[in-house]
Amino acid sequence: MTWGMGRFRMGLRGWCIVLEEERKKGTDVPPAWHHEHASEMLFEQVVKEGGLDLKQEEIQLVKAMIRGVKKKEPRPMGKPLYLFQIVANKQTGMDVDKYDYLLRDAMFCGAKIAFDITRLLRPQVREDTDGDLILSYYIKEEWMIHQLFRSRFDLHHQVYGHSVVVALQLMIEEVLILAKDWLRITEAIKCPKLYLYLTDHVIHRIECLKPENAPVEFPTDDLKKAQELIRRIKQRDLYTSILHDVNLPVDLIRVKEDRLHAEKKLKSDLIRAKPELEQFSGKFIVAFGDRDFTCKSANPLKLVPFYTDKLNKSSENIKYLTDRDLKHSSQPAHFWERIIRVYCKEKSLSSTIAPLVEEAFNSLNDQAGALSPVVRNSKVPESPNPSQEQVYLFPSLSQGTTTGKRTLFNATLPDIVDDEPLMKRPRMAAP
């Protein structure tokens, strides 16, 4: 686990929600807190408690290596760029942190990954055309690096974005939000000693807390709700996925906005499209999830510096791949997709809410002629009219393809900026 990541990585979104609520109240919290900030805080604490004889500029150097430095940013002590590409590589996304969690998660989940880490641990330091010393890779490792990025995407698709994993994530997020006062989250992100107590045992601590012993200002009802959610998790009474991999027009998924705000606005759009959902507004959740190859919509292979001659150390030997170099069939058409899912908090209401949500999405989709969403346990809609232009969230196929009872046709995509995802073909409903 990345140092400073904190426990329950899947609940990190819940931390962000808590911090956003505290900012609205005027609480002094960092404007854009991330787990790297916690890593820097813990490092400063180690230096302080360990009595390490480090100068302030040396401390700043280590902190910069933890968070990574972009190419044009100033670097502490004037150190070469390659030192800041080892732990957190802001240029290519290839760093030891990524290698570590991909291998670890694949091993514990039993997933198969198709890249050889030993071949990527021997980059050479070369000078680029700007005179910066950077980590570069032999051109014959292009395929292995492609497999690295592909493995990351596959893990997000098969593991991190699995419907059950997302359900657990949403429930743990809600537990953290409800118990935020008891866990002192807003204090912990500024106090390393408190932060160290936020281990995997926070769930057991919440279970053991007694509402009658709470300080006056602590909401005991929230604690009881958190404890009930933990009970449901242990009994596998999880939130029900009623809709997954939704197909929506680009403007409705609001790729330019913060995910939390975009989710709230999309939920408001659904309620406005189907007013009957208003009575169930607290019973269903709209959740976004992104899957990419590390660099949003960009092909990360274009950002990796390669060298073609092992003996030639000059900057002219550094090569960046172009579209012409990447014409082989293994390259996907697009590198980023945004997944939209809807979960119902109570299984008894899922059969009632699911058709309402489907109708609301259909109403929104009618604005752009997109395909209907896929709702679990519902009847698969008829195939779309072949004469109608279709827009997909992520067109992975370049030719028309028949999937089950649905026929997917080539898309005429709108003009969108480079960092917006395209549309994606929907998945079939579970039988």
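Everything here concerns the structure above.
Residues numbered from 1 in each chain as written. Predicted model: local features only at pLDDT ≥ 70, side-chain atom pairs only at ≥ 80, totals over all residues. Heavy atoms only, no water.

### So, the pairing of strand E3 (residues 240-244)
Within E3, 5 of the 5 residues are buried, which leaves the element mostly enclosed by the surrounding structure. Relative to strand E7 (residues 336-344), E3 is paired through 3 bridges, and the arrangement is antiparallel. Within E7, the residue paired with Thr-240 across the bridge is Cys-344. (Buried < 20%, exposed > 50% of the residue type's maximum accessible area, 1.4 Å probe, protein only. Helix = DSSP H or I, 4+ residues; strand = E, 2+ residues; numbered from the N terminus. Pairing = 2+ DSSP bridges.)

### Things to note about the nonpolar core
Ranked by internal contacts, the top residues of the largest apolar core, which has 35 residues, are Leu-170, Val-175, Leu-183, Tyr-195, Ile-206 and Tyr-239. Elements represented by at least two residues in this core include exactly helix H2 (35-50), helix H6 (163-178), helix H7 (180-183), helix H8 (185-188), helix H10 (202-208), helix H11 (220-234) and strand E4 (284-292). No other element matches the 8 residues that H6 contributes to this core. Ranked by size, the runner-up nonpolar core spans 24 residues in total, among them Tyr-99, Tyr-137, Leu-326 and Phe-335. (Core = buried A, V, L, I, M, F, W, Y, C linked by side-chain atoms within 4.5 Å.)

### Here we look at the packing of helix H4 (residues 96-109) against helix H5 (residues 142-160)
Between H4 and H5, whose axes approach to 11 Å, the crossing angle comes to 45 degrees. For the element pair H4 / H5, the angle class is oblique. Where H4 crosses over H5, the handedness of that crossing is left-handed. Across the interface between the two elements, Lys-98, Tyr-99, Tyr-101, Leu-102, Asp-105 and Cys-109 from H4 touch Leu-148, Arg-152, Leu-155, Val-159 and Tyr-160 from H5. (Axes fitted to C-alpha atoms, helices over the stretch in contact; angles between N-to-C directions. Parallel < 35°, antiparallel > 145°, perpendicular 65-115°, else oblique. Left-handed = near helix turned anticlockwise from the far one by under 90°. Contact = heavy atoms within 4.5 Å.)

### Points about helix H14 (residues 347-365)
The terminal C-alpha atoms of H14 lie 26 Å apart, and with 19 residues this matches the ideal 27 Å at 1.5 Å per residue to within 8%. Of all the bends in H14, the greatest reaches close to 40 degrees and is centred on Ile-353; the proline Pro-355 follows between one and four positions later. When we look at burial in H14, the residues that qualify are Leu-349, Ser-350, Ile-353, Ala-354, Leu-356, Val-357, Glu-358, Ala-360, Phe-361, Leu-364 and Asn-365. (Expected span 1.5 Å × (residues − 1). Bend = angle between axes of the 7 residues up to and from the residue.)

### Focus: the side chain of Asp-128
Relative to the assigned elements, Asp-128 resides in the loop between strand E1 (124-127) and strand E2 (133-138). Here Asp-128 falls in the buried class, since its relative accessible area comes to 5%. Looking at Asp-128, its side chain comes within polar contact range of the side chain of Lys-71, at 2.6 Å. Within the local environment of Asp-128, its side chain forms a polar contact with the backbone nitrogen of Asp-132, the two atoms lying 2.8 Å apart. Filtering out sequence-adjacent residues up to four positions away, Asp-128 remains in contact with Lys-71, Ile-134, Ser-315 and Ile-318. (Polar contact = N/O pair within 3.5 Å; in protein donor to acceptor, adjacent residues only side chain to side chain.)

### Considerations on a nonpolar patch on the surface
On the surface, Ile-86, Val-87, Val-96 and Leu-121 cluster together into a nonpolar patch covering about 290 Å² of accessible area. By the secondary structure assignment, Leu-121 is in the loop between H4 and E1. (Patch = residues over 30% accessible without salt bridge, like charges linked within 9 Å, V, L, I, M, F, W, Y side chains within 5 Å. Areas by Shrake-Rupley, 256 points an atom, 1.4 Å probe, with all protein chains shown as cover. Salt bridge = Lys/Arg side-chain N within 4 Å of Asp/Glu carboxyl O.)

### Regarding the sheet that holds E2
Two orientations exist for strands paired in a sheet by backbone hydrogen bonds: parallel and antiparallel. Spatially, E1-E2-E5-E6 is the arrangement adopted by the 4 strands of the open sheet, whose pairing is mixed. The open sheet terminates on both sides in strands that have one partner only, identified here as E1 and strand E6 (318-319). By the bridge criterion, 4 bridges tie E1 to E2 in an arrangement that is antiparallel. The residue of E2 that forms the bridge with Val-125 is Leu-135.

### Some details on the pairing of E2
A large share of E2 lies buried, amounting to 5 of its 6 residues. Between E1 and E2, which follow one another and run antiparallel, lie 5 residues, and Gly-131 among them has a positive phi close to 90 degrees. Here E2 pairs with strand E5 (residues 306-307) via 2 bridges, running parallel. Paired with Tyr-138 across the bridge in E5 is Tyr-307.

### Focus on unusual backbone geometry
With a phi close to 60 degrees, Arg-236 is a non-glycine residue in the positive phi region. Unlike most non-glycine residues, Lys-296 shows phi in positive territory, near 55 degrees. Classification of Lys-296 as partly exposed rests on a relative accessible area of 37%.

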